[in-house]
Amino acid sequence: MKLKASMATRRKAARMAAIALLALVVGACAQATRETFDLTSDMAGLRGIALRGGPPVFVSEPAAVAPTSSDRIVVRAADDSVAVLPGVQWSEPLPLLFQRRLIESLQRCGLSASAGMGAQTRLQTDLRRFEIDIARDLAVIEVSVELIDVNNGRARAARIFIEETPAPDHIGAQAARALSDAAAQVALRIGQWTRARL
């Protein structure tokens, strides 16, 4: 009886393991089929601006809540509900991509910006919205920004930036492009604002 029970238990465990493995394979295949995008945009208008030289700024990783904190492209419906676009994703979690875009923009505005510690000023950001607003056909980015004095932890300045660009198409490459364009514009405005306060 014990032998039969043991064999039945082993078969059951083997079946469960096979099901779990199949679920992992299916999940991996589903993710592998997603089209992947970066926050790239035409920066031609900024060519010729010095990439470094000004005061150093530590750009911390932006804060964000799910699903904005993930690698998925977020859409907002007319009823204010949020979802993610199927079949597409960012190349890595959005806060990391936006951090790089901020660093690039600050450098192009003449600041020695980096993700490393050592600067007396920290640029702290909170990604409140980074999405396609389906009802209004817009890419919407809202970022809360603070310049923090590293020595005493006090805010030198704070502001909320909102950028909206047309997004008549709500899928794939078109949605990613609209958000990339909006990100480039808001990052440039944040860079200019920061430069003026240092």
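Each chain carries its own residue numbering, running from 1 in the written order of its sequence. This being a predicted model, a pLDDT of at least 70 is required before a residue's local features are given, and a value of 80 or more before pairs of side-chain atoms are given or counted; all residues contribute to the totals for chains, interfaces and linings. Hydrogens and water molecules were not included; the side-chain quantities draw on all heavy atoms of the structure.

Secondary structure counts use DSSP, requiring at least four H or I residues in a row for a helix and at least two E residues in a row for a strand, with both numbered from the N terminus. Within the secondary structure layout, Thr 40 lies in the loop between β1 (35–37) and β2 (56–59). In this structure, the C-alpha to C-alpha distance between Thr 40 and Ala 184, residues 144 residues apart in sequence, is 8.0 Å. Residues count as neighbours in contact if any of their non-hydrogen atoms are within 4.5 Å of one another. Apart from the residues lying within four places of it in its own chain, the contact partners of Thr 40 are Arg 101, Arg 177 and Ser 180.

Within the element layout of this structure, Ser 144 appears in strand β8 (residues 138–149). For Ser 144, a relative accessible area of 16% translates into the label buried. Apart from residues no more than four positions distant in its own chain, Ser 144 is found in contact with Gln 124, Thr 125, Asp 126, Arg 128, Arg 159 and Ile 160. To sort residues, take the accessible area from a 1.4 Å probe on protein chains only and compare it with the maximum for the residue type: under 20% means buried, over 50% means exposed, and anything in between is partly exposed.

On to the pairing of strand β7 (residues 121–133), then. The two faces of a sheet get side chains in turn, since along a regular strand they alternate between them. In short, DSSP must find at least two bridges between two strands for them to pair. Sheet analysis places β2 next to β7, joined by two bridges and oriented parallel. The partner of Phe 58 across the bridge, within β7, is Arg 122. Relative to β7, strand β3 (residues 74–76) is paired through three bridges, and the arrangement is parallel. Bridged to Arg 76 within β7 is Asp 133. In this structure, β7 lies alongside β8, joined through twelve bridges in antiparallel fashion. Its bridge partner lying in β8, Arg 122 is registered against Ile 148.

Our next topic: the pattern of salt bridges. Here a salt bridge means any side-chain nitrogen of Lys or Arg lying within 4 Å of a carboxyl oxygen belonging to Asp or Glu. According to the stated counting rule, one finds twelve salt bridges in the structure shown. A salt bridge links Glu 92 to Arg 100; the shortest N-O distance between them is 2.2 Å. Its salt-bridge partner being Arg 129, residue Glu 131 comes within 2.5 Å of it at the nearest N-O pair. Of the two residues, Glu 131 and Arg 129, neither departs from the other in class, the shared state being buried.

In this structure, Trp 90, Phe 98, Leu 123 and Phe 130 are the most contacted members of the largest nonpolar core, which totals 39 residues. At the level of elements, β2, β5 (88–90), α2 (94–108), β7, β8, β9 (155–166) and α3 (172–196) are the ones that each hand at least two residues to this core. For this core, the element with the most residues is α3, which contributes ten residues. Every residue in contact with Leu 123, bar those within four places of it in the chain, is listed here: Val 57, Phe 58, Val 59, Ser 60, Leu 102, Leu 106, Val 145, Glu 146, Leu 147, Ile 190 and Thr 194. As used here, the term nonpolar core means buried Ala, Val, Leu, Ile, Met, Phe, Trp, Tyr and Cys residues forming a set that is joined through side-chain atoms within 4.5 Å.

Before going further, it helps to spend a moment on the confidence of the model for the protein chain. Taken residue by residue, the protein chain gives an average pLDDT of 84. The fraction at 70 or more is 77%. In this model residues 44–51 is a low-confidence stretch, pLDDT under 50, and it forms eleven contacts with partners more than four residues away in sequence or in other chains. Per-residue confidence from the prediction method is given by pLDDT, with values spanning 0 to 100.

Of note, Asp 79 is situated in the loop between β3 and β4 (82–84). With 56 residues separating them in the primary sequence, Asp 79 and Ala 135 have C-alpha atoms 8.9 Å apart. A distance of 2.6 Å separates polar atoms of two side chains, one belonging to Asp 79 and the other to Ser 81. Distance and chemistry together define a polar contact, namely a pair of N or O atoms within 3.5 Å, with one atom able to donate a hydrogen and the other to accept it when in protein, and with adjacent residues in sequence counting only for side-chain atoms on both sides.

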